[in-house]
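Observations on the three-dimensional arrangement
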Amino acid sequence: MKSRGACSGASSGLSLVAVKKFFLLALAVTAAVFFCNAACAGMVGQKLPDSYLNFVGKTPDWKGKPLLLEFWATWCPPCRQSIPHLNEIFAKYKDRGLMVVGVTDEDDATIRRFQKGVPMDYPVATDKDGRLSEKMGVDGIPTAFLVNKAGEIVWEGHPMQLTDEDIAKILE
């Protein structure tokens, strides 16, 4: 008797084990996204905490401007992958007043060495004692915050998830 349907034993392209593994992986990814989004909503609606950042190079005039604040590190592969995206955002919106600031706890020499190989077109600052990242509940990097002109955090998450629509809201 000839079998019909997708489950035809050994002749099937996918084994039951492979399907179960795929399902478990998809479930894990969905859970991770859900929990990250839930955890990443902690600062939205709150004021940006006072900060004492030390800028690498010239200190920009960033107070009272729309701000994209991103916590990162030179050793972090996802952080390095988001830098070109942040460069594009800065280039696209700086003339409309958006300030992008990358914040790390690393020393100036490490940052400058890194920037020789990976250009960062936006200002970079250090939070050496980690006070700002602690106040903002940063527990993983990269993490970005979008702050409106009034200093209120309106978006929080992975910088690669930031959209033009999110940015447009704080530029109005």
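Here, the structure is the one placed above.
Residues numbered from 1 in each chain as written. Predicted model: local features only at pLDDT ≥ 70, side-chain atom pairs only at ≥ 80, totals over all residues. Heavy atoms only, no water.

1. Observations concerning the sheet that holds strand S6 (residues 153–157)
Here is the rule: Criterion used throughout: strands pair if DSSP finds at least two bridges between them. Put simply, DSSP H or I for four residues or longer makes a helix, DSSP E for two residues or longer makes a strand, and each gets a number counted from the N terminus. The contact criterion used throughout is that any non-hydrogen atoms of two residues lie within 4.5 Å. Interaxial angle, 0 to 180 degrees, is taken between N-to-C directions of lines fitted to C-alpha atoms, where a helix line uses only the stretch in contact.
Ordered by their spatial adjacency, six strands build an open sheet running S1-S4-S3-S2-S5-S6, and the pairing between neighbours is mixed. The two strands at the open ends of the sheet, each matched to only one other strand, are strand S1 (54–55) and S6. Relative to strand S4 (residues 124–126), strand S3 (residues 99–104) is paired through three bridges, and the arrangement is parallel. Paired with Gly-102 across the bridge in S4 is Val-124. Together, strand S2 (67–71) and S3 form the strand contacts of helix H2 (residues 77–93), whose direction differs from that of S2 by roughly 165°. This element, helix H5 (residues 164–171), spans S2, strand S5 (143–147) and S6 of the sheet and lies at about 35° to S5.

2. Examining the packing of H2 against H5
Basically, it comes down to this: Oblique is the label for any angle not covered by the other classes, which are roughly parallel (under 35 degrees), roughly antiparallel (over 145) and roughly perpendicular (65 to 115). Each crossing gets its hand from how the near helix is turned against the far one by less than a right angle, where anticlockwise is left-handed and clockwise is right-handed. Side-chain classes follow a simple rule in which Ala, Val, Leu, Ile, Met, Phe, Trp, Tyr, Cys and Pro form the nonpolar group, Asp, Glu, Lys and Arg form the charged group, and the remainder, Gly included, forms the polar group.
In contact at an axis separation of 12 Å, H2 and H5 are set at 40° when each is read in the N-to-C sense. For the element pair H2 / H5, the angle class is oblique. Both H2 and H5 take part in a crossing whose hand is right-handed. Contacts between H2 and H5 involve Ile-89, Lys-92 and Tyr-93 on the former and, on the latter, Asp-164, Ile-167 and Leu-171. Counted by class, the contact of H2 with H5 contains four nonpolar, no polar and two charged residues.

3. Regarding the layout of surface pockets
To find leftover empty space, a probe the size of one water molecule is rolled over the atoms. Under the convention used in this document: Both site types are read off a 1 Å grid over the protein atoms alone. A 1.4 Å probe that fits but cannot get out defines a cavity, while an open set with protein on both sides within 12 Å along at least five of seven lines defines a pocket; lining residues have an atom within 4 Å of a point. Grid points are joined across faces, edges and corners, and a volume is the space filled by probe spheres set on the points.
Taken as a whole, the second largest pocket encloses approximately 160 Å³ of empty space. The wall of the second largest pocket is formed by 13 residues, among which Leu-48, Trp-62, Lys-63, Gly-64 and Gly-151 lie closest to the centre. When the residues that make up the lining of the second largest pocket are grouped by side-chain class, the tally is five nonpolar, four polar and four charged.

4. A word on the environment of Trp-72
As for its placement among the helices and strands, Trp-72 is situated in the loop between S2 and H2. Taking the C-alpha atoms as reference, Trp-72 lies 4.9 Å from Pro-142; in sequence the two are 70 residues apart. In contact with Trp-72, other than residues within four places in its own chain, are Cys-79, Gly-102, Val-103, Thr-104, Phe-114, Met-120, Val-124 and Ile-141.

5. Points about the packing of aromatic side chains
Selection criterion: Here is the rule: rings of Phe, Tyr and Trp (six-membered ring for Trp) pair when centre to centre is within 6.5 Å. Planes less than 30 degrees apart are stacked, more than 60 are edge-to-face, and the remainder are tilted. Burial classes: relative accessible area under 20% of the type maximum marks a residue as buried, over 50% as exposed, and values in between as partly exposed (1.4 Å probe, protein chains only).
One pass over the full model with this rule turns up three aromatic pairs. When the ring of Phe-71 is compared with that of Phe-145, the centres are 5.9 Å apart and the planes differ by 90°; the resulting orientation is edge-to-face. Taken as a pair, Phe-71 in strand S2 and Phe-145 in strand S5 lie far apart in primary sequence, 74 residues in all. Look at Phe-71 and you get buried, because its relative accessible area is 3%. For Phe-145, a relative accessible area of 0% corresponds to the buried category.

6. Some thoughts on the environment of Val-56
With respect to the helices and strands, Val-56 occurs in the loop between S1 and S2. Since its relative accessible area comes to 13%, Val-56 is described here as buried. Linking Val-56 and Ala-109, residues 53 residues apart in sequence, is a C-alpha distance of 9.3 Å.

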